[in-house]
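Structure at a glance
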Amino acid sequence: MGVLDLGIIAFANPLLLAALALLPLLWLLLRVTPPAPRRLFFPAISMLLGLKAQEETPNKTPWWLVLLRAVATALVILGLAQPVLNPDRNFSGSGPLILIVDDGWSSARFWSHRLAAAERLTAQAAREDRDVFVVTTAKQARGDAPLIPVPANEAQKALRSLEPKPWPLDRPGALERFKANFDGSSAHVVWLSDGLLGSETEESLQAFARELQNFGQLDILEDLPGASARLLLPPDSRDLALVPRVERASGEGEEGLNILSIGPDGEIIAKTPVFFEAGAKVAEGEIDLPAELRNRIEQLRIDEEKGAGAVLLLDERWRRRPVGVVEEFSEALSQPLLSGAYFLERALAPYTELRRGTQEELLQRELAVIITTDDSELSDLSALQDWTENGGLLLRFSGPRLAQDPSGLLPVELRGRDRVLGGALTWNEPEKLAPFPDESPFQGLEVPADVLVNRQVLAEPSLDLARKTWASLADGTPLVTAERQGEGWVVLFHISANTDWSNLPLSGLFVDMIRRLLQVSEGVVSQDSATELAPLSTLDGYGVLTSPGPKASNITAEQIQEEGSIGPLAPPGYYGEGSLRRAHNLGGDIAALSPLPAPSVGVTLSSYGESREFPFGPWLITLALLLLLSDFVISLILRGHFTGAKGMATQTGLIALICLVGFAASGIEAQAQTNEARALEATSATRLGFVLTDVPEVDATSAAGLSGLTRILHLRTSIEAAPPLPIDIEQDELAFFPLIYWPILRDHEGPSAKAKEKLQNYMANGGTVLFDLRDPTAGARITGQTSQAEESLQRVLTGVEIPPLVPIPPDHVLTKSFYLMQDFPGRFAGGTLWVEGAEAKDRDGVSSIVIGSNDWASAWAVDRLSRPLNPVVPGGERQREMAYRFGVNLVMYALTGNYKADQVHVPFILERLGQ
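Residues numbered from 1 in each chain as written. Predicted model: local features only at pLDDT ≥ 70, side-chain atom pairs only at ≥ 80, totals over all residues. Heavy atoms only, no water.

Structural notes on the overall build of the protein
Rule in force here: Secondary structure elements are defined from DSSP: runs of H or I of at least 4 residues count as helices, runs of E of at least 2 residues count as strands, and each element is numbered from the N terminus. Every residue pair with non-hydrogen atoms within 4.5 Å of one another is taken to be in contact. All accessible-area figures derive from a Shrake-Rupley calculation using a 1.4 Å probe, and residue coverage is judged against the displayed protein chains alone.
Of regular secondary structure, the protein possesses 23 helices and 40 strands. For the protein, restricting intrachain contacts to residue pairs at least 6 apart in sequence, the fraction spanning at least 24 positions comes to 74%. When the accessible surface of the protein is summed, it comes to about 42,600 Å², and 54% of that surface belongs to carbon and sulfur atoms.

Put into structure tokens, the structure is as follows:
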């Protein structure tokens, strides 16, 4: 069945329009069929009184009623023909529709835009009776189902189950998979792109586009400028601070965002601002925290952005390990610039917290590493051994004293003398370092040719000496040896920490070696880079840490370091074995971000959401049902079921026709029907409403949050709430909603005076508004605002009569309207909840305004499978449960007023409290 395109209007089922030819027959049928006669019951004697009938029963249907019924029938026929206002142009060619969907990590930010565009395109394919190929471009694992064309309705079902993947794209591979099952042409190709170049070069991407053009006309959809995904890069360390870095594809304009530092229990430890200068593609922040707090950070996350690229997992490689250096003998301090402690401090100070003291003082502090030089005063080796066996790393440096007395806590047995390389009395030359073995934590470090060793202590040969050797000289003699001691390590440099025996302390290699040993202090670096690490938890396409999927497999520590290793078999996440846990991040695996190049000639480029296509068939059928309802009422009047209704039928019919003419004169526009349809939709059941902010991420979170709360209401209460509705505060009526959720943006300009008047009337007539500042640092005070969110709230409420507000009292009805509770957490805990200071008697005691800052919608938000979308901090899932309970209490409070404040309930409440 083809599509009938009339320019501004198209019909998906034009054959149904043939039924309009039956309207004249219907007119004649209704015209000659009189309405049912009225029955009059009267005594026969009344005829003797000369009673004259004042009215006559018509013998045919009035013309206006026939016209009303004919128009209603025509509207039903037109509605079933599926008319579309401002239809998109028909697809080119006669073959199938080919949808190329970029569903990699960068598509999660505005995934809903891609799904909406795909739904619209497949609906158009259904109207044109075309099959659809759905080709996803994210990397695929072997054994995935082959690509085959499917009917448009099946393609819509497949698209609804599609989710973004947390790994990069493989567009050439997707093209090869598609070409293996498609050998025709004359198709129409639509590429739902992520707007990024990906791992391809511009030349290879142009070749990809030309290949698609070989199948038919190519259209490319992409996000609006500046809306492409951002990538969180591995952080650097600078002056004891952690420096997170964010990359964007385009350097156009200035842009600011926040990076959240999240702890092991989901708590937000720090909120770091990052600002892009105009022309900059990479921006940096600075997280300067005490070591104890910094070491608790497990995730860095771009605030209010979804996707695996917006999350960076941290492991022990980014921990700041406190290190202690045992004080040296007093004679060694006479020349401090030549002591080993001086060189160690210079190497460690930029990367860790360094503490100096005696052995007893250091053992009383929480340290990861203790370092001793040859001049260190060691009073109790047994205490050091106990500390090491409990998980510490003891790093020792050699010297003349150790060469003369090679006993104590050492990883290998030493000879009773040292070895001198070079000098007037030796035949040997100073030795260079050998490359580091694969099983060494120093593996991968480049060995400079100018690093020389002229003196060392020697290890006694043994069968396990090679296993204990982490670094050696070119002649094979050990330079660094190590041995496990319980849960910790003992590591020995066979040279001194100063420059007496080697120039290694003067090189950058010395700094890198010490930093690698700091990582070993917590078991981060595997002693075998080929050791397989099992997936512990992985990120999904929205950046949420979940259990590993069935395809996730083991990888090695060496593979984690390789570029391009992330894919369906190795998604980003945590991998580990035993106590070892390594983070596998997208940020270190993705090449530099670049926008898509300009399309070639013949390719149509547009943005998501540009289509003005609007199917209005349901509105026509709704109007037809209203006309038929009017016809029913008129028929009842004509049959005499209403007394004293003389002339009413004619008036009602004419009014209905006048309304119909007015509707036709105003044009068939969707906006002309919105108010009635919305009123019907909003009043058909109890619904929660949320105010639109024009920020897609915030609006999507509000919708998902109130949907999650509605689900909880279904499960736990008798409230049969329908899905929530969005509210345009400037246009929509507010009176239909018992509760409105209003998220406040940091840069909100405030509504118009007309909207504020509507808000005032809504609150004055019993409505309740929950203003959510969504900022854990806000809400301490409602007057004298200091944060951006509080300033935005002030602009929203300026000109609105707000009653005095107070922090919610312990005995407020909201604390007991369904659950008994005193705290009201959301995504964030803490903060203050503000309500009216005095209960409004004309509103049944319900506060018209509730203000908080805990981002409740993010805590309530769930996906289509009812899975939480956002972490809650710091209380985890227990806190999410309390957030749901607050939502239930708030809805019950808005619906029932001060019902629970009734004294009859006090004994039962006290009984539940155990008093």
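Here's the deal with the pattern of salt bridges
Side chains bearing opposite charge may pair, as long as their charged atoms lie close to each other. We count it as follows: When a carboxyl oxygen of Asp or Glu lies within 4 Å of a side-chain nitrogen of Lys or Arg, that pair is called a salt bridge. The buried label goes to any residue with under 20% of its type's maximum accessible area, the exposed label to any with over 50%, and the partly exposed label to all in between, with areas taken from a 1.4 Å probe on protein chains only.
Counted according to the given criterion, the structure contains 30 salt bridges. Ionic pairing is found between Arg171 and Asp102, a salt bridge with its closest N-O pair at 2.8 Å. Placement of Arg171 in helix α5 (residues 171-179) and of Asp102 in the loop between β4 (97-101) and α3 (111-127) is noted, with a sequence separation of 69 residues between them. A residue is classified by how much of its surface remains accessible, and Arg171, at 0% relative accessible area, is buried. One salt bridge connects Arg716 with Glu881, and the closest N-O pair in it is separated by 2.8 Å. Linking Arg716 in helix α18 (residues 696-716) with Glu881 in helix α22 (residues 876-896), this pair joins segments that are 165 residues apart in sequence. The class of Arg716 is partly exposed, set by a relative accessible area of 30%.

Overview of unusual backbone geometry
Leaving glycine aside, a negative phi is the common case for residues, and trans is the common case for peptide bonds. With a phi angle near 60°, Asp129 is a residue other than glycine that sits in the positive phi range. Positionally, Asp129 belongs in the loop between α3 and β5 (131-136). For Asp694, which is not a glycine, the phi torsion comes out positive at approximately 70°. Locating Asp694 in the fold gives a position in the loop between β34 (689-691) and α18.

Focus: the sheet that holds strand β15 (residues 311-313)
Quick note on the threshold: Strand pairing requires that DSSP identify at least two bridges connecting the strands. Note on geometry: axes are C-alpha line fits, over the in-contact stretch for helices, and angles between N-to-C directions span 0 to 180 degrees.
Reading across the sheet, the four strands line up as β12-β11-β14-β15 and stay open at both edges, with antiparallel pairing between neighbours. A single partner strand is all that each edge strand has here, and the edge strands are β12 (268-276) and β15. Neighbouring strand axes in the sheet, compared pairwise and without regard to direction, differ in orientation by 20° on average. As defined by bridge partners, strand β11 (residues 255-262) adjoins strand β14 (residues 299-302) across four bridges and the pair is classed as antiparallel. Following the sheet pairing, Ile259 is matched in β14 by Ile302.

Points about the pairing of strand β30 (residues 573-577)
Counting buried residues in β30 gives four out of five residues, a clear majority hidden from the surface. Pairing geometry for strand β27 (residues 532-539) and β30, over four bridges, is antiparallel. Note that in β30 the partner of Thr538 across the bridge is Gly573. When β30 meets strand β31 (residues 580-584), the two strands line up antiparallel, connected through five bridges. If you follow Tyr575 over to β31, its bridge partner there is Arg582.

Side note on the sheet that holds strand β7 (residues 187-192)
Pairing is mixed across the open sheet formed by six strands, whose spatial order is β6-β5-β4-β7-β8-β32. At either margin of the open sheet sits one strand with a lone partner, and together these are β6 (150-151) and β32 (604-607). Two strands pair when backbone bridges link them, and strand β8 (residues 216-222) and β32 are joined in this way by four bridges, in the parallel orientation. Bridged to Ile220 within β32 is Leu605. In this fold α3 packs onto β4, β5, β7 and β8, with an angle of close to 175° to the strand it touches most, β4. The strands touched by helix α6 (residues 202-213) are β4, β7 and β8; relative to β8, the strand with the most contacts, the crossing angle is about 130°.

Thoughts on the packing of helix α8 (residues 340-348) against helix α13 (residues 508-520)
Definition in use: Roughly parallel means an angle under 35 degrees; roughly antiparallel means over 145; roughly perpendicular covers 65 to 115; every other angle is labelled oblique. Residue type decides the class: Asp, Glu, Lys and Arg count as charged, Ala, Val, Leu, Ile, Met, Phe, Trp, Tyr, Cys and Pro as nonpolar, and the leftover types, Gly among them, as polar.
Two numbers describe how α8 lies on α13: the axes approach to 9 Å, and their chain directions differ by 75°. The angle between α8 and α13 places the two elements in the roughly perpendicular class. In this structure, α8 uses Phe343, Leu344, Ala347 and Leu348 to contact α13, whose residues at the interface are Phe510, Val511, Ile514 and Leu518. Residue composition of the contact of α8 with α13, grouped by class: eight nonpolar, no polar and no charged.

Description of the side chain of Asp219
We count it as follows: Pairing of N or O atoms within 3.5 Å defines a polar contact, subject to two protein rules: one partner must be a possible hydrogen donor and the other a possible acceptor, and residues neighboring in sequence count only if both atoms are side-chain atoms.
Summarising the element assignment, Asp219 is placed in strand β8. At a separation of 2.9 Å, a polar atom in the side chain of Asp219 contacts the side chain of His188.

What to know about the packing of aromatic side chains
Short version of the rule: Stacked, tilted and edge-to-face are the three classes assigned to paired rings of Phe, Tyr and Trp, where Trp is represented by its six-membered ring and a pair needs centres within 6.5 Å; plane angles under 30 degrees give stacked, over 60 edge-to-face, the rest tilted. Should the NZ of a Lys or the CZ of an Arg lie within 6 Å of a ring centre and within 35 degrees of the ring normal, that charge is described as sitting over the ring.
Summed over all chains, the structure comprises 18 aromatic pairs. Ring centres 5.1 Å apart and planes at 20° place the aromatic pair Phe178 and Phe182 in the stacked group. An aromatic cluster of at least three residues, connected via ring pairs, comprises Phe133, Phe178, Phe182 and Phe215. Across the ring face of Tyr574, the terminal group of Arg581 is positioned such that the distance to the ring centre comes to 3.8 Å.

Digging into helix α4 (residues 152-160)
We count it as follows: The directions from the helix axis to the C-beta atoms form the arc being described.
Residues of α4 that are buried: Ala152, Ala155, Gln156 and Leu159. Taken around the axis of α4, the buried residues stretch over an arc of 105°, which confines them to a single face. Against the buried residues of α4 lie β4, α3, β5 and β6.

Brief notes about the side chain of Ser607
Residue placement: Ser607 occurs in strand β32. On the basis of relative accessibility, which here comes to 13%, the residue Ser607 falls in the buried class. Sequence-distant contacts of Ser607, that is, excluding residues within four places in its chain, are made with Glu222, Asp223 and Leu224.

Considering α8
Turning to α8, its buried residues number three or more, namely Gly340, Ala341, Phe343, Leu344, Ala347 and Leu348. Angularly, the buried residues of α8 cover 160° about the axis, an arc narrow enough to put them on a single face. Next to the buried residues of α8 lie β16 (323-326), β17 (354-357), β18 (369-372), β19 (393-397) and α13.

With respect to the confidence of the model for the protein
Definition in use: A residue's pLDDT is simply how confident the predictor is in it, with values from 0 to 100.
Overall, the prediction assigns the protein a mean pLDDT of 81, with 80% of residues at 70 or greater. When mean pLDDT is taken per element in the protein, strand β24 (residues 469-472) scores highest with 95 and helix α16 (residues 648-665) scores lowest with 52. Confidence drops under pLDDT 50 across residues 663-674; counting only partners more than four residues distant or on other chains, this segment forms eight contacts. With pLDDT under 50 throughout, residues 779-785 is counted as low confidence; its partners more than four residues away or in other chains account for 15 contacts.

Some details on a nonpolar patch on the surface
As a reminder, the rule being used: Exposure above 30% relative accessible area and the lack of any salt bridge qualify a residue for a patch; like charges then connect within 9 Å, and the nonpolar side chains Val, Leu, Ile, Met, Phe, Trp and Tyr within 5 Å.
A cluster of nonpolar side chains, Leu626, Leu629, Phe632 and Val633, forms an exposed patch at the surface whose accessible area comes to about 360 Å². Topologically, Phe632 is positioned in helix α15 (residues 617-638).

Focus on the packing of α3 against α4
Their axes nearest at 9 Å, the elements α3 and α4 cross at an angle of 170°. Relative to α4, the element α3 is oriented roughly antiparallel. Here α3 contributes Leu115, Ala118, Glu119, Thr122, Ala123, Ala125 and Ala126 to the contact with α4, which in turn contributes Ala152, Ala155, Gln156, Leu159 and Arg160. The residue makeup of the contact of α3 with α4, split by class, is eight nonpolar, two polar and two charged.

With respect to a negative patch on the surface
Going by this rule: Asp and Glu are treated as the negative residues and Lys and Arg as the positive ones, with His and the ends of the chain left uncounted. Here the site of a charge means atom NZ of a Lys, CZ of an Arg, CG of an Asp or CD of a Glu.
Side chains of Glu360, Glu361, Asp380, Asp386 and Glu389 sit close together on the surface and give a patch of like negative charge. For the negative patch, the secondary-structure elements that each account for two or more residues are α9 (359-363) and α10 (381-389). Looking at where Glu361 falls in the secondary structure, it is placed in helix α9. Given the relative accessible area of 47%, Glu361 is considered partly exposed.

Description of the environment of Ser630
Relative to the helices and strands, Ser630 resides in helix α15. Separated by 562 residues in sequence, Ser630 and Leu68 have C-alpha atoms that sit 9.0 Å apart.

Concerning the environment of Pro738
Relative to the assigned elements, Pro738 resides in the loop between β35 (725-727) and β36 (739-743). Sequence spacing of Pro738 and Gly767 is 29 residues, and the spatial spacing of their C-alpha atoms is 5.5 Å.

Thoughts on the environment of Arg320
Looking at the secondary structure, you find Arg320 in the loop between β15 and β16. For Arg320, a relative accessible area of 3% gives the class buried. It is 9.2 Å that separates the C-alpha atoms of Arg320 and Ala241, two residues lying 79 residues apart in sequence. Dropping the residues within four chain positions of it, Arg320 is found in contact with Leu240, Ala241, Leu289, Pro290, Ala291, Arg294, Asn295, Tyr351, Thr352 and Glu353.

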